[in-house]
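Architecture and fold: a report
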Amino acid sequence: MTIPRDEKLRITQNVHAKWSEIYDERDDAEANDAYYKMLEEAMAEAEKLFKDRPANS
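The next thing to look at is the pattern of salt bridges. Inspection of the entire model under this criterion finds four salt bridges. We note a salt bridge from Glu-7 to Arg-10, for which the minimum N-O separation is 2.4 Å. Here the residue Glu-7 and the residue Arg-10 both occupy positions in helix 1 (residues 5-23), the gap between them amounting to three residues, near one helical turn. For Arg-10, a relative accessible area of 39% translates into the label partly exposed. In this structure, Lys-48 engages Glu-45 in a salt bridge whose closest nitrogen and oxygen atoms are separated by 3.3 Å. Linking Lys-48 with Glu-45, this pair stays in helix 2 (residues 29-50), spanning three residues, or about one helical turn. The exposure class assigned to Lys-48 is exposed, which follows from its relative accessible area of 53%.

Looking now at helix 1. Taking 1.5 Å per residue as the helical rise, helix 1 with its 19 residues ought to reach 27 Å, and the 26 Å between its terminal C-alpha atoms agrees with that figure. Those residues of helix 1 hidden inside the fold are in contact with helix 2. Backbone geometry just after helix 1 places Asp-24 at a positive phi near 50°.

Remark: helix 1 packs on helix 2, axes separated minimally by 10 Å, with the N-to-C direction vectors making an angle of 145°. As for how helix 1 packs across helix 2, the hand of that crossing is right-handed. Residues Glu-7, Lys-8, Ile-11, Thr-12, Val-15, His-16, Lys-18, Trp-19 and Tyr-23 of helix 1 lie in contact with helix 2, whose contacting residues are Glu-30, Ala-31, Ala-34, Tyr-35, Met-38, Leu-39, Ala-42, Met-43, Ala-46 and Phe-50. Among the residues forming the contact of helix 1 with helix 2, the class breakdown is 13 nonpolar, two polar and four charged.

Cut-offs used in this document
- Residues numbered from 1 in each chain as written.
- Predicted model: local features only at pLDDT ≥ 70, side-chain atom pairs only at ≥ 80, totals over all residues.
- Heavy atoms only, no water.
- Salt bridge = Lys/Arg side-chain N within 4 Å of Asp/Glu carboxyl O.
- Helix = DSSP H or I, 4+ residues; strand = E, 2+ residues; numbered from the N terminus.
- Buried < 20%, exposed > 50% of the residue type's maximum accessible area, 1.4 Å probe, protein only.
- Expected span 1.5 Å × (residues − 1).
- Contact = heavy atoms within 4.5 Å.
- Axes fitted to C-alpha atoms, helices over the stretch in contact; angles between N-to-C directions.
- Left-handed = near helix turned anticlockwise from the far one by under 90°.
- Nonpolar A, V, L, I, M, F, W, Y, C, P; charged D, E, K, R; others polar.

Shown next, in the form of structure tokens:
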């Protein structure tokens, strides 16, 4: 099963909040790379949690 839409939104919001604490809305390559790395890691963790769940749970 894929990650539910509401869970993806929650993860994205949490990652953005953590990223903002560290990078304070910087707009450069290092900050952007860090954001996407944090997001990828969080989504990978969520995939592990949702991979064995039935589609309607």
